Every structure is written in structure tokens, then in C-alpha cells.
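# Descriptive analysis of the structure
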Amino acid sequence: PNLEKSISCTTRPPRPGELNNIDYTFIDRQKFEQMIAENSLLEWAEVYGNLYGTQAGPINKNRAQGIDTIMTIEIQGARSVTRKFREAVTIFIQSPSLEILENRLRERNADTEEVIEQRLRHAKDELAWGNEYDYTVLNKDFDLSVDELKAIIIAERCRVRRNSG
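Quick caveat, the model's predicted, so the values are computed rather than measured.

### Focus on the overall build of the protein
Scanning the protein from N- to C-terminus turns up 6 helices and 8 strands. Helices and strands appear in the protein in the N-to-C order β-β-β-α-β-β-α-β-α-β-α-α-β-α. Relative to a compact globule of 165 residues, whose C-alpha radius of gyration would be 15 Å, the protein shows 16 Å and is just as compact. By its C-alpha atoms, the protein is 45 × 40 × 30 Å across when sized along the principal axes. For the protein, the proportion of contacts with a sequence separation of at least 24, taken over those separated by at least 6, is 55%. Looking at charge distribution, the protein has the averaged site of its 23 positive side-chain charges lying 5 Å from that of its 27 negative ones.

What follows is the structure in C-alpha cells.
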């Protein structure tokens, strides 16, 4: 209860099976840049030549209503969010290995070889920043990972105070 998934905006085209306003809000670069200029994005980043971002309006509405929002964002976005909201809880979801990540990327058959190589380099770089997060979930077994995420949410909702460190 009281949990909602944020839908990110992106300038990349939909992959097979992705639906607009369900998986992402797919928009063109001009519209995205307009949103940047209007300061209507909570966070945004350019990743693999495409822009990704989170609209501030739905997040602020959820916060006002006491609804927790799950945002699927990379490290640049997480840094931006935690600068704006010190109470944000960050969770680093880590692949068991770069080899397994590579297999998962290839199995979904949605990216070019160049994009897969970029993603692998980016993942390797992000591993060094995992200690910036409040929690890490090793995504080895999907059901176990979901249980761990649920446990983190429950624990955070029960927390009396957060450490200031």
C-alpha cells in the first residue's frame, strides 16, 4: 500500500513490447529539452545518447499524499534526487557479475552491439559507486530480490530516525 512506480521520460524509441506511459513516457528531444528549460524535471541525464528523466510533478504530488515512489534511475539521477531530498532512500540493484549482465542484455535482444558494450562499461564504472547507496540488492534470484526490496521498504517505513552521515 502507498507505493507507486515512477514512469521516466525518455527520448529513445520504444523497444518491442514497451508501452507509452506504462514503461516510459516516450517524447522527442525538443520536448525533453523544453522540460529541462522549464525546470519540470526532478532529475535527468543523458545516457547512451538518449535523455532520461523524472517529472517532478508526480513525485511532489505523491510526497504530499504520503505515497512512497520507486524510481528506476541510474547513479547520476540518484545523486540529483538525494541532493534535493535528503530523506530519499537509495537502493543499488547489482547484477551478480558482469558476465551475467552481458548475458541478460544479449538475451533481451533489444540493443545493438555498441549499446551493449556501452552498458557493460557503464555498469563496471557504477560498481565503484555502489557504496553511495543506502542498500544493495544482489539481483541473482528475482523472487529473493523482490523480497529484499519489500523488506527494505518495510524497514524504512518503521524507521524512527535516519543517520545524518
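### Quick look at the sheet that holds strand 2 (residues 9–10)
Hydrogen bonds between backbone groups are what pair the strands of a sheet, and the pairing can be parallel or antiparallel. A sheet is described by the order of its strands in space; here 4 strands give the open sequence 3-2-5-4, paired in mixed fashion. Both edges of this open sheet fall to strand 3 (25–26) and strand 4 (41–47), since each of them pairs with a single strand only. In this fold helix 2 (residues 56–65) packs onto strand 4 and strand 5 (50–55), with an angle of close to 30° to the strand it touches most, strand 5.

### Comments concerning the side chain of Ser145
By the element assignment, Ser145 lies in helix 6 (residues 142–158). Polar contacts involving the side chain of Ser145 include one to the main-chain carbonyl oxygen of Leu138, which spans 3.3 Å. In this structure, Ser145 is in contact with Val137, Leu138, Asn139 and Lys140, ignoring residues within four places of it in sequence.

### Describing the pattern of salt bridges
Between side chains of opposite charge, a pair can form as their charged atoms come close. Across all of its chains, the model carries 11 salt bridges by this definition. The partner of Arg12 in a salt bridge is Glu18, and the shortest N-O contact between them spans 2.9 Å. Residue Arg12 is classed as buried on the basis of its relative accessible area, which comes to 5%. Here Glu18 falls in the buried class, since its relative accessible area comes to 18%. Residues Arg159 and Glu156 are paired through a salt bridge, measuring 3.0 Å at the closest nitrogen-oxygen approach. Residue classification places Arg159 among the partly exposed positions, given a relative accessible area of 35%. Each member of the salt-bridge network shares a partner with another, and the members are Glu102, Arg106, Glu113 and Glu117.

### Quick notes on the nonpolar core
Membership of the largest hydrophobic core is limited to 7 residues, which are Leu42, Ala56, Ile59, Met71, Val81, Phe85 and Ala88. With residues up to four places along the chain from it excluded, the contact list for Ile59 reads Ser6, Leu42, Thr54, Thr69 and Met71. Residues Cys9, Ile27, Phe32 and Met35 belong to the second largest nonpolar core, which totals 6 residues.

### So, the packing of aromatic side chains
Given two aromatic rings, their pairing is described by the distance between the two centres and the angle made by the two planes. Following the criterion strictly, the structure yields 3 aromatic pairs and no others. On the basis of an interplanar angle of 65° and a centroid distance of 6.0 Å, the ring pair of Tyr24 and Tyr52 is categorised as edge-to-face. With Tyr24 in the loop between strand 2 and strand 3 and Tyr52 in strand 5, the pair connects residues that are 28 residues apart, well separated along the chain. Of the residues examined, Tyr52 reaches a relative accessible area of 15% and is grouped as buried. Counting every residue linked through ring pairs, the aromatic cluster contains Tyr24, Phe26 and Tyr52. Sitting over the face of the ring of Tyr24, Arg12 holds its NZ or CZ atom 4.8 Å from the ring centroid. One Lys or Arg, Arg79, reaches over the ring of Trp129 and ends 4.4 Å from the middle of that ring.

About the cut-offs
- Residues numbered from 1 in each chain as written.
- Predicted model: local features only at pLDDT ≥ 70, side-chain atom pairs only at ≥ 80, totals over all residues.
- Heavy atoms only, no water.
- Helix = DSSP H or I, 4+ residues; strand = E, 2+ residues; numbered from the N terminus.
- Rg over C-alpha atoms; globule rule 2.2 N^0.38 Å.
- Contact = heavy atoms within 4.5 Å.
- Lys, Arg positive; Asp, Glu negative; His and termini not counted.
- Charge placed at Lys NZ, Arg CZ, Asp CG, Glu CD.
- Pairing = 2+ DSSP bridges.
- Axes fitted to C-alpha atoms, helices over the stretch in contact; angles between N-to-C directions.
- Polar contact = N/O pair within 3.5 Å; in protein donor to acceptor, adjacent residues only side chain to side chain.
- Salt bridge = Lys/Arg side-chain N within 4 Å of Asp/Glu carboxyl O.
- Buried < 20%, exposed > 50% of the residue type's maximum accessible area, 1.4 Å probe, protein only.
- Core = buried A, V, L, I, M, F, W, Y, C linked by side-chain atoms within 4.5 Å.
- Phe/Tyr/Trp six-rings, centres within 6.5 Å; stacked < 30°, edge-to-face > 60°.
- Lys NZ or Arg CZ within 6 Å of the ring centre and 35° of its normal.

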